[in-house]
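One-letter residues, chain by chain:
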Amino acid sequence: MKIGAGILCVAIVLALSGCTVGPNYTRPQTPAAPTFRGADNAEDSSAAASLGDQGWEQVFPQPELQELIRSALATNFDLRIAAQHILEQQAQVRIVRSQQFPSLSGGGTGIGAELPASAGTSIGSPLAFGAFSLSGSWSPDFWGLYRRQTEAARAQLLGQTWAQRAVRLSIVSQVAATYIQLRALDRQLTIAKDTLKTRQESVDLTARLEHGGAVPMSDLRQSEELLYSATSQIPQLEQSIQQQENALRVLLGQIPGPVAHTDDKALAAPPQDLPTGLPSQLLERRPDIQQSEQQLVAANAQIGVARAQFFPQFSISASAGLGGNEFNNLFALSGRTIYGIGSLAQPIFAGGKLKGQLQLAEATKEEMVLNYQKTIIGAFRDVSNALISLNKQRATREQQEKLVAAAEDATRLARIWYQGGATSYLEVLTTDSSLFSAQLNLVSAQQGEALTLVQLYSALGGGWR
């Protein structure tokens, strides 16, 4: 009868420990458009595989850039710190989960002494005593308090995992963008040096003509003006190049220094009609969306933690031991001691603390819902902005190419007219300055167009697998 009652009690405890208070997580409703705004091929793009499905090696095929990205992913400090955050949260999950299980500890004591006969005591000599004990305690998780805490900790662990993926994507994008900017500066520096060479020849020619009395001194000064406008650009471009190299080295986790950047295809125009996939796919691809959702899962679990505080908390502790005053009777059952204690605590009055904790948990969840929805809308905006930039930057680059062609022809004609005496050197000054600016702006347009590929790949959660 006693055995049956014990089994019944255990069954009741296990049944109650399977109860979990608080709401189970369900993903909130999120707005999603059928296609991304700004996509020229909206109908085909929604059905095609997304650019975000591709690895960064496919999107950025330049060997020099790939080597830089590979090095950054191995040594970047932010990425390594994010990995440590995951390890820290894994340990936190183990700590929190351990509360669901009984704790067990063991120990022993021993004493021995030999008393002199002159002590005159009635205690026998030599004196010896030893004991071994085993104790345990357990707080049955009747209301799911510890399980909800573990659920929250695991959600935070997943959130840290997605945070690391977000850092990884950010590192790839930053390295690619910095490399493209470096190559644009390289090309602008080449243009400036070529222009400097041409203008130096023009100054030398004008100086000879002025010395022979063929042209006035003002023509020489204007030609020098063109020369110095080019020379002033060179140190500024060299400064920007070295600073960008330093920025790239920091991304690689290295001290400032030079970096290889010689690939001529870095400023190549991105392919047209890049696939973007369905907007709803962003919920699974974007690491910031996934991280935000895990924060929401953790906040939802904390509601269950707060609600469980309203219910009684039960704990059990027990201890057993063996002891004796001789080594041969140390393990004798006659020297055993066994006891058990059970306690039950029910909150009665806490000054509104428990209700406040519940209200805080519920309000925090609502905040995380809004943050999750905001993150999703921001992701749609990022993709749309990238698509718009991709199309408009292409149009800008095409028009800038036409402007450079026109400026080159205008400069050529102005020099012919000047050498034939049909116009002043001011015309040469104006057209040459316009050509130099147009050439530099064309490189900026090529850089902007190349960066749109990086922007779109990042916005689509590139490399999410």
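Calculation rules
Residues numbered from 1 in each chain as written. Predicted model: local features only at pLDDT ≥ 70, side-chain atom pairs only at ≥ 80, totals over all residues. Heavy atoms only, no water. Helix = DSSP H or I, 4+ residues; strand = E, 2+ residues; numbered from the N terminus. Buried < 20%, exposed > 50% of the residue type's maximum accessible area, 1.4 Å probe, protein only. Contact = heavy atoms within 4.5 Å. Areas by Shrake-Rupley, 256 points an atom, 1.4 Å probe, with all protein chains shown as cover. Salt bridge = Lys/Arg side-chain N within 4 Å of Asp/Glu carboxyl O. Core = buried A, V, L, I, M, F, W, Y, C linked by side-chain atoms within 4.5 Å. Expected span 1.5 Å × (residues − 1). Arc of directions from axis to C-beta. Polar contact = N/O pair within 3.5 Å; in protein donor to acceptor, adjacent residues only side chain to side chain. 1 Å grid on protein atoms, 1.4 Å probe; cavity = no way out; pocket = protein on both sides within 12 Å on 5 of 7 lines; lining within 4 Å. Points joined across faces, edges and corners; volume = space filled by probe spheres on them. Nonpolar A, V, L, I, M, F, W, Y, C, P; charged D, E, K, R; others polar. Axes fitted to C-alpha atoms, helices over the stretch in contact; angles between N-to-C directions. Parallel < 35°, antiparallel > 145°, perpendicular 65-115°, else oblique.

*Asks:* Can you help me understand the overall build of the protein chain in this one?
*Replies:* In terms of regular secondary structure, the protein chain is built from 11 helices and 4 strands. Across the 465 residues that make up the protein chain, the buried fraction comes to 39%. Taking contacts inside the protein chain between residues at least 6 apart in sequence as the whole, the part at least 24 apart equals 84%. Counting only carbon and sulfur atoms, one obtains 57% of the accessible surface of the protein chain, whose full area is about 25500 Å².

*Asks:* Which parts of the structure should I look at to understand the pattern of salt bridges?
*Replies:* Note that side chains of opposite charge can pair when their charged atoms are close. As enumerated under the stated definition, the model contains 19 salt bridges in all. Residue D141 is joined to R147 by a salt bridge in which the shortest nitrogen-to-oxygen separation is 3.1 Å. The exposure class assigned to D141 is buried, which follows from its relative accessible area of 8%. Judged by its relative accessible area of 22%, R147 falls in the partly exposed class. Note that R394 is salt-bridged to E449, the shortest N-O span being 3.8 Å. Of this pair, R394 sits in helix α10 (residues 353-419) while E449 sits in helix α11 (residues 425-459), placing them 55 residues apart in sequence. Residue R394 is classed as buried on the basis of its relative accessible area of 9%. Owing to a relative accessible area of 2%, E449 belongs among the buried residues under this scheme. Ionic contacts of the salt-bridge type, sharing partners, join the residues R286, D288, R381 and D382 into one network.

*Asks:* Before we go on, may I ask you to explain the nonpolar core in this structure?
*Replies:* In globular proteins that are soluble, nonpolar side chains generally tend to be buried together. Ranked by internal contacts, the top residues of the largest apolar core, which has 62 residues, are L51, F60, I69, V175, L282, V383 and L456. Once residues lying within four places of it in the same chain are set aside, the contact partners of L51 are V59, L274, P275, L453, L456, Y457 and L460.

*Asks:* Explain helix α5 (residues 77-97) here, please?
*Replies:* Since the α-helix advances by 3.6 residues per turn, residues separated by three or four positions end up pointing in the same direction. If you check α5, its first and last C-alpha atoms are 30 Å apart, about what 21 residues at 1.5 Å a residue would give, namely 30 Å. Listed as buried for α5 are L79, A82, I86, Q89, V93 and V96. For α5, the arc enclosing every buried residue in end-on projection is 90°, short of the 170-degree limit, so these residues lie on one face. Facing away from the buried side of α5 by more than 90 degrees, the exposed set consists of R94 and I95. A distance of 2.9 Å separates the backbone nitrogen of D78 from a side-chain oxygen at the start of α5, and that oxygen is part of N76.

*Asks:* Would you take a moment to explain α11 for this structure?
*Replies:* Taking 1.5 Å of rise per residue, the 35 residues of α11 would be expected to cover 51 Å, and the 50 Å separating its terminal C-alpha atoms lies within 8% of that figure. Where α11 ends, the next residue or the one after it, G461, has phi of about 70°, a positive value.

*Asks:* What's the story with the layout of surface pockets in this structure? I'm lost.
*Replies:* Using a probe with the size of a water molecule, rolled over the atoms, empty space left in the structure can be pinpointed. Its volume calculated, the largest pocket comes out at about 290 Å³. Breaking the lining of the largest pocket down by element, the ones donating at least two residues are α3 (56-59), α6 (145-211) and α11. Among the residues forming the lining of the largest pocket, the class breakdown is 15 nonpolar, 3 polar and 1 charged.

*Asks:* Which parts of the structure should I look at to understand the environment of K374?
*Replies:* Along the chain, K374 falls in helix α10. Judged by relative accessible area, which is 62%, K374 ranks as exposed. Separated by 85 residues in the primary sequence, K374 and I289 have C-alpha atoms spaced 9.4 Å apart.

*Asks:* Help me understand the packing of helix α7 (residues 217-251) against α11 in this model?
*Replies:* Two measures define how a pair of helices packs: the angle their axes make with one another and the distance between the axes. At a minimum axis separation of 9 Å, α7 and α11 run at an interaxial angle of 10°. Taken as axis vectors, α7 and α11 run roughly parallel relative to one another. In this structure, α7 uses D219, Q222, S223, E225, L226, S229, A230 and Q233 to contact α11, whose residues at the interface are Y425, L426, V428, L429, D432, S433, F436 and L440. Its residues placed into classes, the contact of α7 with α11 shows 8 nonpolar, 5 polar and 3 charged.

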